[in-house]
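What the coordinates show
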Amino acid sequence: MTSDMTMNIVLLFAMTVSALWAVMARSLLKGTIGLALTSAIITILMFRLNAPLAAVFELSVCAGLITVIFVSAISLTKPLTHKEIECAARDRMKRFIYLPVIIVIAAVVLYYLRIPNYFAKAIMGDTAIDVRTILWGIRHFDIFGQIALMIAGALGVVILFKEANK
C-alpha cells in the first residue's frame, strides 16, 4: 500500500468520525462544527484526487456558506431544558445506533463492486473529459441530489423562521 493510499484511508476514517460526531452531537452548534469539519476533510480529499474545482466549491459552499446559515439559524432557536436534552439524546441514540454498521457495510459493498474505480476510470482516463460531461453525463444524479438538499435546507429555514415568529 502506498503512502498516498494510506493518507487517503486516514482522511476517510477522519471524515467518517467527524460525520458521526456531527450526527450524534447533542448540541446543534457542535453538530454544525462537525459538519463543517467533515466538509473540510472532503475538500482535502478532493484536492488529493485532482479535483480542485469541486474542492473549491465544497470548501466555499459547504464548509463556509452552509455553516454560516446553520449557525445563524441555531442562534434564532430557543435553548432546550436539561431534561429535554437528555430525552432527545436517548431518542437520537435509538435512531442512529445502527449507523456505524450500515456505513461499514456500505463501504465493503462499494469496495467489492468497484464502483469508485469505475468513476476514477471515467474521469482520469486516457483522454481528458470536460467537467460538464462528467456532471451532466456520468454524475447527473449528484446534481439532482444537491438541488434536493438545497431545497430541503431552504424549506427548513423557512419553517424555522415561521416558528420563531409565533
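Residues numbered from 1 in each chain as written. Predicted model: local features only at pLDDT ≥ 70, side-chain atom pairs only at ≥ 80, totals over all residues. Heavy atoms only, no water.

1. What to know about the overall build of the chain
Check the secondary structure of the chain and you find eight helices and zero strands. N-terminal to C-terminal, the α/β element order of the chain is α-α-α-α-α-α-α-α. By residue count, 14% of the 166 residues in the chain fall in the buried class. Across the chain, the fraction of contacts at a sequence separation of at least 24, relative to all contacts at a separation of at least 6, is 56%. Element-wise, carbon and sulfur atoms account for 73% of the exposed surface of the chain, whose accessible area totals about 12,500 Å². (Helix = DSSP H or I, 4+ residues; strand = E, 2+ residues; numbered from the N terminus. Buried < 20%, exposed > 50% of the residue type's maximum accessible area, 1.4 Å probe, protein only. Contact = heavy atoms within 4.5 Å. Areas by Shrake-Rupley, 256 points an atom, 1.4 Å probe, with all protein chains shown as cover.)

2. A few points about helix H1 (residues 3-24)
For H1, built from 22 residues, the straight-helix expectation of 32 Å at 1.5 Å per residue is met to within 8% by its first-to-last C-alpha distance of 31 Å. Elements that come into contact with the buried residues of H1 comprise helix H2 (28-48). (Expected span 1.5 Å × (residues − 1).)

3. What to know about the environment of Ala88
With respect to the helices and strands, Ala88 occurs in helix H4 (residues 82-96). Distance in space between the C-alpha atoms of Ala88 and Arg26 is 8.1 Å, their sequence separation being 62 residues.

4. Here we look at unusual backbone geometry
Phi angles above zero are rare outside glycine, and Asn50 is one such case at about 60 degrees. Here Asn50 shows up in the loop between H2 and helix H3 (52-75). Note on Asn50: relative accessible area 55%, which makes it exposed.

5. Focus on H2
Taking 1.5 Å as the rise per residue, H2 with 21 residues should run 30 Å; its terminal C-alpha atoms sit 30 Å apart, in good agreement. Of the residues making up H2, those classed as buried are Gly31, Thr32, Gly34, Ala36, Thr38, Ser39, Ile41, Thr43 and Leu45. In this structure, the buried residues of H2 make contact with H1 and H3. A distance of 3.3 Å separates the backbone nitrogen of Leu29 from a side-chain oxygen at the start of H2, and that oxygen is part of Ser27. In the stretch just after H2, Asn50 is the one whose phi turns positive, near 60 degrees. (Polar contact = N/O pair within 3.5 Å; in protein donor to acceptor, adjacent residues only side chain to side chain.)

6. Some points on the pattern of salt bridges
Applying the stated criterion to the full structure yields one salt bridge. As a salt-bridge pair, Arg48 and Asp4 come within 3.6 Å of each other at their nearest N and O atoms. Here Asp4 lies in helix H1 and Arg48 lies in helix H2, a separation of 44 residues in the sequence. For Arg48, a relative accessible area of 32% puts it in the partly exposed group. (Salt bridge = Lys/Arg side-chain N within 4 Å of Asp/Glu carboxyl O.)

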